[in-house]
Amino acid sequence: ELARAKEMLREMLGRGLQPDSVTYNSLVRAACAEKDVESAVAFIKKASGNKQQHQQQRDRSQHRNREQQQAIRIAPSLYDLTIKTCVAAGKFDSADATVKCMAEVGISELEVELREQFVALSREQFEREKTSKGAEKQSVAMERVKFWVGLPNNYYSDNEDWRQ
């Protein structure tokens, strides 16, 4: 689905058509569905960059028609989906970049702050889990070494019958 969407985007650009909000929202949704975090964040960055470009164009020329002045807008639910997809993949820098884009396009400070806290807490939990799994593996390895060299160990628990 994402590959086809990217192909259609290239075709649009090749014909001189500019993508709009619907295009970018569809691309972000497709990227998240395929868990392609890098693409989702890249589309969000592109869309937020286009908003800034539209603002600059509007400031330079007040005579453009209304249709050309409309900025690209990513649906708030897609920012959340992208952040959750980034967090699930352990791509916290990408989640931070998405939150930064939210701030750049003028989403309320409270909404941005809540997303920042979510990412920070998720990062902390991820690091704790990673550390505890590493410590658990290290502990098992140490018990194996103790067993192999004949020291008292907990490699085999007392309630296991090795003959089974």
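Residues numbered from 1 in each chain as written. Predicted model: local features only at pLDDT ≥ 70, side-chain atom pairs only at ≥ 80, totals over all residues. Heavy atoms only, no water.

**Student:** Can you help me understand the nonpolar core in this one?
**Tutor:** A general tendency of soluble globular proteins is for nonpolar side chains to be buried together. Formed by 31 residues in total, the largest nonpolar core has its most connected members in Tyr 24, Val 28, Phe 43, Ile 74 and Ile 83. Looking at this core, the elements that each hand over two or more residues are α1 (2-14), α2 (21-33), α3 (37-60), α5 (76-88), α6 (92-104) and α7 (109-149). When residues no more than four places from it in sequence are discounted, the contact partners of Phe 43 are Leu 2, Lys 6, Leu 9, Tyr 24, Leu 27 and Val 28. (Core = buried A, V, L, I, M, F, W, Y, C linked by side-chain atoms within 4.5 Å. Buried < 20%, exposed > 50% of the residue type's maximum accessible area, 1.4 Å probe, protein only. Helix = DSSP H or I, 4+ residues; strand = E, 2+ residues; numbered from the N terminus. Contact = heavy atoms within 4.5 Å.)

**Student:** Got a minute to help me understand the confidence of the model for the protein in this structure?
**Tutor:** As a general rule, the predicted coordinates of low-pLDDT regions are not to be interpreted in detail. When the pLDDT values of the protein are averaged, the result is 83; 81% of them are 70 or greater. Below pLDDT 50 for its whole length, residues 56-69 participates in 8 contacts with residues either more than four positions away or in separate chains. (pLDDT = per-residue confidence, 0-100.)

**Student:** It is not clear to me how the pattern of salt bridges should be interpreted in this structure. Could you clarify?
**Tutor:** When the charged atoms of two side chains with opposite charge come close together, those side chains can pair. For the structure on display, the rule yields 9 salt bridges. With its nearest N and O atoms 3.9 Å apart, the salt bridge here joins Arg 123 to Asp 93. Here Arg 123, found in helix α7, pairs with Asp 93, found in helix α6; they are 30 residues apart in sequence, far enough to count as distant. Between Arg 115 and Glu 111 there is a salt bridge, with the nearest N and O atoms lying 2.5 Å from each other. One end of the pair is Arg 115 and the other is Glu 111, both in helix α7 and 4 residues apart, which spans about a single turn. Accessibility expressed as a relative area gives 16% for Arg 115, which makes it buried. The partly exposed category is assigned to Glu 111, whose relative accessible area is 31%. Taken together, the shared-partner salt bridges in this structure form one network comprising Asp 80, Glu 111 and Arg 115. (Salt bridge = Lys/Arg side-chain N within 4 Å of Asp/Glu carboxyl O.)

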